[in-house]
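The primary structure of each chain is shown beneath.
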Amino acid sequence: MKTLSFRAQLLLLMLAPVLVTTVVLGGLAYRAASEAVRENAIQAVGLAANAREQALLTRLHRQHERASALLDRTGECVPGQGPERVRCLQGVLNGFVATEGVRDARLVVPGLQPLLVGAEARSLEALTPLPAGQLASVEPKQGPERVYDMLVQRGGMSLGLRFSATTQLEPLFRDRYGLGQSGEAFLSDSQGGFVTAPQSPGDSGESRSHPIDARPMSACLEGRDAELLASDYRGVGVIHGFRYIEELGGCCIMAHVEQAEAFAPVRTLRTRLVELAGVLAALSVGLSFVFARRFSRPVSHLTERARALQAGALDIEVPAEGPLELKTFAETFTKMARSLQEAMEERERLLREVQEDRARLEELARQAQEAARIREDLVAVVSHDLRNPISAISMSARAMLKREGLQDWQAKGLGRIYSAADRAIRLIRDLLDSTQARVGGIPVERRPLDFHELARHVVEEVQLAHPERHIHFETGGEAQGAWDADRMAQVITNLVGNAVQHSPVDTPVRVRSRGEDGMVCLDIHNEGPPIPAEVLPTLFEPFRRGRSSGGGAMGSVGLGLFISRQLVEAHGGSIEVRSVRGEGTTFTVRFPRAPGSDGVPPLGRAG
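A brief report on the enclosed structure follows. On a predicted model such as this, the values are computed, not experimentally measured, just so you know. (Residues numbered from 1 in each chain as written. Predicted model: local features only at pLDDT ≥ 70, side-chain atom pairs only at ≥ 80, totals over all residues. Heavy atoms only, no water.)

A word on the overall build of the protein chain
Okay, step 1: Looking only at helices and strands, the protein chain has 12 helices and 18 strands in total.
Okay, step 2: The proportion of buried residues among the 607 residues of the protein chain is 36%.
Okay, step 3: At a minimum sequence separation of 6, the contacts of the protein chain that also span at least 24 residues come to 61%. (Helix = DSSP H or I, 4+ residues; strand = E, 2+ residues; numbered from the N terminus. Buried < 20%, exposed > 50% of the residue type's maximum accessible area, 1.4 Å probe, protein only. Contact = heavy atoms within 4.5 Å.)

Spelled out as structure tokens, the structure:
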């Protein structure tokens, strides 16, 4: 059997590990990237479904609020049961129908005949009160147009409304934003039939003619929200994102995008990886051949010189006497010594380069620290300079809002200016506090106060800002001590506002202030969804934000909990959180009553 040459063996030894490593790493990279693409695509469909859900609920809440406002306006008409009152009420109802796009309306006022607007208004007499939490109901399909009904009752009066789903709801689902070119979103009723028109017509050629037969729809009608891969009503493989709408009597929002489009980057990535692997393989073969040839050449030269010496050539730097093996060893030893000397020189050169690189890295680190300091200073200066003009804008807008005789558009504009300026002031305050906490600590000035009264006052302010929420406050024990009232109010506002923001609107927020030996404790509990376990370790880090369950953000940049912890620790206190499914989330804060207890200095700094 013929033995491979030294060069061929060296080539195989260098090439095999490179090719195997390229294939393995390429496969792992493809798997990781494809999974990331799939997860991002599924998440994008979920976000698109959430957006449609928020838009639909906003539309229903606004219609319900405006219907309630109409019942309030009936008191503006002349009292009694005369024709003048009837004309007034009919005019109010006609104006409401025209401005709100109502198809049919039926207004019932005690002592008067029902007032009707619309061709099918008499059929609204059959409407019954909706269950708690439900705003409207979708009528079973009886014609080419789908409708939904709403019944509002107050003080013996009732207002029945019927809206066209085509004009009121379809514009919310027609936009493909977030769903690519093949995606769509639509609304179905509790029986699985289309309420808004899909892109593709049904089996009979009509867009609303048949129920939706799909596994995701069945899951949604069971009251679940999720995203999954399955076929749609056309039998096409898609990514489904569905949301159960209890406020509309068990309807479902369905958003999906075809898997072929969503996962197209995976196919492109696979092609690119194959091309890259081919290039790397070709490069590895070429480099391996070059290196094998270069490494085997000295052996070939040594063999040739040994043979030349054996043949009697004496013009090489080896002794001419002695056996052939000794001559070969002497030549090899000489070359090894020369190679060792060259290696030592190379080592010294490399050491000098390492020292130079180390010096450069130290200089870069110093420059990075200096840049960080300049960045912190810049944030502090810019935030400080912006606070005064924005405060002036806020005060001016607030003063102008108090003027009488403002038109609605003026009041709304000034209200938006005041709200935006107030949010900007809070953001600037948080940025200043965050910068101060990281640089030198937030100063606190202690003054004697009653913590119960301070907490009660702050909770009442938050309650005024959120009249739709129920915030239950209770106290226990004596709570006298020395703290910085403004900073304590900031901590309580952040935690109570956080509880309101991250809990459902129909659940209470409980705040309890209790005095104990040597300290005062504050518990804030909400019944929102639990905080994921992987989020808890970094919950109090700066610039951390989560999804709101209570209807929106409060205008923060993710610094509230970070600053709250800094302020609590500046008072020598501690803050902790417990979040368990089924029990809700509870933040517990403990403050020593006075400086000096538990090692608290007279003037603390958060940092």
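Structure shown, so let's carry the discussion forward.
With respect to helix H12 (residues 560-570)
Okay, step 1: The buried count for H12 comes to 9 of 11 residues, which makes it a mostly enclosed element.
Okay, step 2: Among the residues of H12, those classed as buried are Gly-560, Leu-561, Phe-562, Ile-563, Ser-564, Gln-566, Leu-567, Val-568 and Ala-570.
Okay, step 3: After H12 finishes, the residue Gly-572 shows a positive phi value of roughly 80°.

Focus on helix H2 (residues 83-100)
Okay, step 1: In this model, H2 (18 residues) spans 25 Å end to end at C-alpha, consistent with the 26 Å of a helix rising 1.5 Å per residue.
Okay, step 2: All buried positions along H2 are accounted for by Arg-85, Leu-89, Val-92, Leu-93, Phe-96, Val-97 and Glu-100. Buried residues of H2, seen end-on, are gathered within an arc of 135° and therefore sit on one face of the element. Turned more than 90 degrees from where H2 packs its buried face, Pro-83, Arg-87, Ala-98 and Thr-99 sit exposed.
Okay, step 3: Looking one or two places after H2, you find Gly-101, whose phi comes out positive at around 70°. (Expected span 1.5 Å × (residues − 1). Arc of directions from axis to C-beta.)

Considering the state of the cysteines
Okay, step 1: By the definition in use, this model includes 2 disulfides.
Okay, step 2: One disulfide bridge connects Cys-77 with Cys-88, the sulfur atoms lying 2.0 Å from each other. An S-S torsion of about -75° defines the bridge between Cys-77 and Cys-88 as left-handed. One end of the pair, Cys-77, is in the loop between helix H1 (6-73) and H2; the other, Cys-88, is in helix H2, and 11 residues separate them in sequence.
Okay, step 3: Between the sulfur atoms of Cys-220 and its disulfide partner Cys-252 the distance amounts to 2.3 Å. Between Cys-220 and Cys-252, the S-S torsion sits near -115°, and that sign places the bridge as left-handed. With a gap of 32 residues between them, Cys-220 in helix H5 (residues 215-221) and Cys-252 in strand S9 (residues 251-258) connect regions that are remote in the sequence. Here Cys-220 and Cys-252 have matching classes, each one buried. (Disulfide = S-S within 2.5 Å.)

What to know about the packing of aromatic side chains
Okay, step 1: Summed over the entire model, instances satisfying the criterion amount to 5 aromatic pairs.
Okay, step 2: Between Phe-186 and Phe-194, the aromatic rings sit 5.0 Å apart at their centres with planes inclined by 70°, giving edge-to-face as the arrangement.
Okay, step 3: For the ring pair Phe-540 and Phe-587, a centre distance of 6.2 Å and an interplane angle of 85° mean the geometry is edge-to-face. In this pair, Phe-540 is assigned in the loop between strand S15 (519-526) and H12 and Phe-587 in strand S17 (residues 584-592), connecting sequence segments 47 residues apart. Both residues of the pair, Phe-540 and Phe-587, belong to the buried class.
Okay, step 4: What links up through ring pairs into an aromatic cluster is the set Phe-451, Trp-483 and Phe-591.
Okay, step 5: The positively charged end of Arg-38 is found above the aromatic ring belonging to Phe-263, 4.8 Å away from the centroid. (Phe/Tyr/Trp six-rings, centres within 6.5 Å; stacked < 30°, edge-to-face > 60°. Lys NZ or Arg CZ within 6 Å of the ring centre and 35° of its normal.)

Description of the sheet that holds S9
Okay, step 1: Spatially, the 4 strands line up as an open sheet ordered S6-S9-S8-S7, and their pairing is antiparallel. Where the open sheet ends on each side, the last strands, each with one partner, are strand S6 (184-188) and strand S7 (226-231). Ignoring which end each strand starts from, the neighbouring axes of this sheet average 25° apart.
Okay, step 2: Looking at chain direction, S6 and S9 are connected through 5 bridges and run antiparallel. Pairing of Leu-187 across the sheet is with Ile-253, part of S9. (Pairing = 2+ DSSP bridges. Axes fitted to C-alpha atoms, helices over the stretch in contact; angles between N-to-C directions.)

With respect to the sheet that holds strand S1 (residues 104-108)
Okay, step 1: The 5 strands lie next to each other as S2-S1-S5-S4-S3, forming an open sheet whose pairing is antiparallel. Among the strands making up the open sheet, the edge pair consists of strand S2 (115-117) and strand S3 (137-138).
Okay, step 2: For S3 and strand S4 (residues 147-154), the ladder comprises 2 bridges, and the chain directions are antiparallel. Note that in S4 the partner of Ser-137 across the bridge is Asp-149.
Okay, step 3: Taken strand by strand, H2 contacts S1, S2 and strand S5 (157-164), and its axis lies near 30° from that of S2.

Notes on the pattern of salt bridges
Okay, step 1: Counted according to the given criterion, the structure contains 22 salt bridges.
Okay, step 2: Across the pair Arg-243 and Glu-227 runs a salt bridge, and its minimum N-O distance is 2.5 Å. In this pair, Arg-243 sits in strand S8 (residues 237-245) while Glu-227 sits in strand S7, placing the two residues 16 residues apart along the sequence.
Okay, step 3: With a relative accessible area of 6%, Arg-243 lands in the buried category.
Okay, step 4: In this structure, the salt-bridge partner of Asp-523 is Arg-514, at a minimum N-O distance of 2.8 Å. (Salt bridge = Lys/Arg side-chain N within 4 Å of Asp/Glu carboxyl O.)

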